[in-house]
Structures are given as structure tokens and as C-alpha cells.
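Inside the fold
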Amino acid sequence: MKRTTTRLADGRELIYYDARDDVVRDAFDQRPLDRVSTASEIRHDPLLGDAVVIASHRQARTYHPPADECPLCPSRNGRHTEIPAADYDVAVFENRFPSLAGDSGRSEVVCFTSDHDASFADLSHSQAGLVLDAWTDRTSELSRLASVEQVFCFENRGEEIGVTLGHPHGQIYAYPFTTPRTELMLRSLAGHRERTAGRNLFDDVLADERADGRRVVLAGEHWTAFVPYAAHWPYEVHLYPNVRVPDLLALDDGARTEFPQIYLELLQRFDRIFGADEPPTPYISAWHQAPFGGWDERGVERGDFALHLELFTIRRTSGKLKFLAGSESGMNVFINDVPPETAATRLREVASK
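Here's a quick rundown of the structure.

Each value, and the rule that gives it
Residues numbered from 1 in each chain as written. Predicted model: local features only at pLDDT ≥ 70, side-chain atom pairs only at ≥ 80, totals over all residues. Heavy atoms only, no water. Helix = DSSP H or I, 4+ residues; strand = E, 2+ residues; numbered from the N terminus. Expected span 1.5 Å × (residues − 1). Buried < 20%, exposed > 50% of the residue type's maximum accessible area, 1.4 Å probe, protein only. Contact = heavy atoms within 4.5 Å.

Re helix α3 (residues 201-212)
The terminal C-alpha atoms of α3 lie 16 Å apart, and with 12 residues this matches the ideal 16 Å at 1.5 Å per residue to within 8%. Turning to α3, its buried residues are Phe202, Asp204, Leu206 and Glu209. On its buried side, α3 packs onto α2 (180-195), β9 (216-219), β10 (223-226), β11 (235-241) and β13 (308-313). One or two residues past the end of α3 sits Gly213, with phi positive at roughly 85 degrees.

Details of the environment of Gly299
By the element assignment, Gly299 lies in the loop between β12 (283-288) and β13. By relative accessible area, which is 58% here, Gly299 ends up exposed. As a C-alpha pair, Gly299 and Phe112 span 187 residues in sequence and 38 Å in three-dimensional space.

Considering unusual backbone geometry
Unusually for a residue other than glycine, Asn77 sits at a positive phi of about 55 degrees. Turning to its location among the elements, Asn77 is positioned in the loop between β4 (51-54) and β5 (90-94). Look at Asn77 and you get exposed, because its relative accessible area is 85%. Unusually for a residue other than glycine, Asn332 sits at a positive phi of about 60 degrees.

Take it as geometry only, folks, not as evidence of what the structure does.
Here it is, written out as C-alpha cells:
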């Protein structure tokens, strides 16, 4: 992998990740852009303890442009985009409309491919491996920022999810705090350790799912994908490395090599869940990594956390979405229409031949 860092016309950072070492990236951004002005503010809910990001400037962000005006495509034929090059493998840049910026963290866009009409599931194993390398590199770089405590790599796919740009891409949020969801995991981790004389919750969850087998979707030498026992979403898969590590940086060569094979198969199965006549399945794919600070106060160590990916769709059956209504939105109590065992069976049925 070759990494090339440059700047866009307004000063934002742009990083190319190329599979070939001989690629030269010397194109520059020719757009007359003003410096990005943001007004992100983090407020804390005194009742729930949650952090809420207020980012009113994002109201002006690009919204469903036609394909020939996509800002994530390469710059070609006199049309200038966020990526000045005429082609690229993987590109990462600071979001022009960031949720987090400055002392409030950082927001980045990850373009998985220059092909506007592709999806992550269409990538080759080597292309998916390059994205994994980019996620890992950005986690390393962002963790060094003084304002960052947790790095979150994720992809939203599909208009039903709320995606406003159709080009295959994801995002990275570098939070200046530990997210509420992660804090809940850490609380459960500490409680399990106390109740079981030091056992690790993540290890036990993975071991139980592998032993039970009914909800296992894919099992490789280095990764296991399963529908969790108490899945929140109609089709939800958790992907764990078989050897616990706290973050992407700690994955060994075997896990890194096998990841594209396992992950691409999962994404392709998601697109086959509801049949060939259905449009591509909308999904959220989210990496959970250990925070980089605050461990002295939690009763567990950073190495006790288990890196894992959570993949889920809001489509519950053909032509119907799972909406977060009163119980889910009002009380955070999910009601799942699809038994996890049924979901796992379906995801095994649609395996690649």
C-alpha cells in the first residue's frame, strides 16, 4: 500500500491509498473554495448522560446530486470534485460538512472505489483489503489527536438509511468522548468480569455462539459471523475475530488476509436476503473499537474490549422497513419481528454457490 497526503483548496486533508507503489499523486484541487467554517457543539444530557452533537451547518450539505455531479467521483473532463485525481483506489478526506471538527473531534469521508455505480460488495478481495488498510491507518492517525478518545469507522448504504450521496463510501468519526453505546458495553464487561471471577464477556459471547451454532452464519479460521441471541434488528450480524483484539491496529496478518473473503460474502448475502427482484439491501456497517482513554476509571483494561463489526438492515421483509416507533425511540426497547435463529437460517440459505 502507498499512502499519499495532500490538501484540498480549502485546506482540508486528502489521503490517497493506492495498491501500487509506483502511483504518483500530483494533481491539485483547482476549485476556488473558502475555508470550511463549522459550528459543531457537544452538549451533555443531564438525565441520560449522553453526548449530543449540535451541527447546524450540516443543513447545507450536498443532497442527492445527479450521478454526473457526484462530488466523490474523480475529477475528469473539466469537472472538479472533492478528489482532484482522474482515478483512485481508495481516498479519504476531511468532510466538508463535518459533524465533528476542531476541539470537537474530526469527521472524514472514505471513498471505497472510484466506480460510482459499484458497492462495497462489488469490490475484489484486494480492494476490500485496501479499505481495511485505510481504516487501520486512519484509526492510528486519528488516535494521536489530543481531542480524540474513540475512532468509529462505518458505512451507511441506501437512501432508506438516510444516505445523501450514492457513491460507495463510508465515514470515520473521531469522537472527543467515549460513545454512550460503548460505555454500555464497558459497563456490561466490568459486571461480567466481577460476576464470573474474571471471565471476559466478549470471549464468552463468541464461545457460546460458536458452541450453540444455530445463529452462526459464517465461520472462518480467523473470523466468526453470527446473528446475536438478542438481535435488535430484523437481520443483524456481528463479526468477531476469533482471537480478541481491542482495535483494527491489533489484527494479525491471518485475520487481515481472511477479512475480505468473509466480509464480502456477508454483504453479498445481505443483497440476496429478500430475493433478486428487491433493490439492494440498505444497511449500516459499524466497527466497534476500544476507546483510547479513560481506562483508569472503568474497572477493566483496554485489552479486555473486543473489536467487532455490527452489520444490520432496517428492511424487515420484502418492501417493508423496520421503523423505530414508540417503544424503540421513546424507551430504547427494541421489538424484533424476525427471530434471530430464522434470520441466521436465511443468511445461510443465500450463501454463494
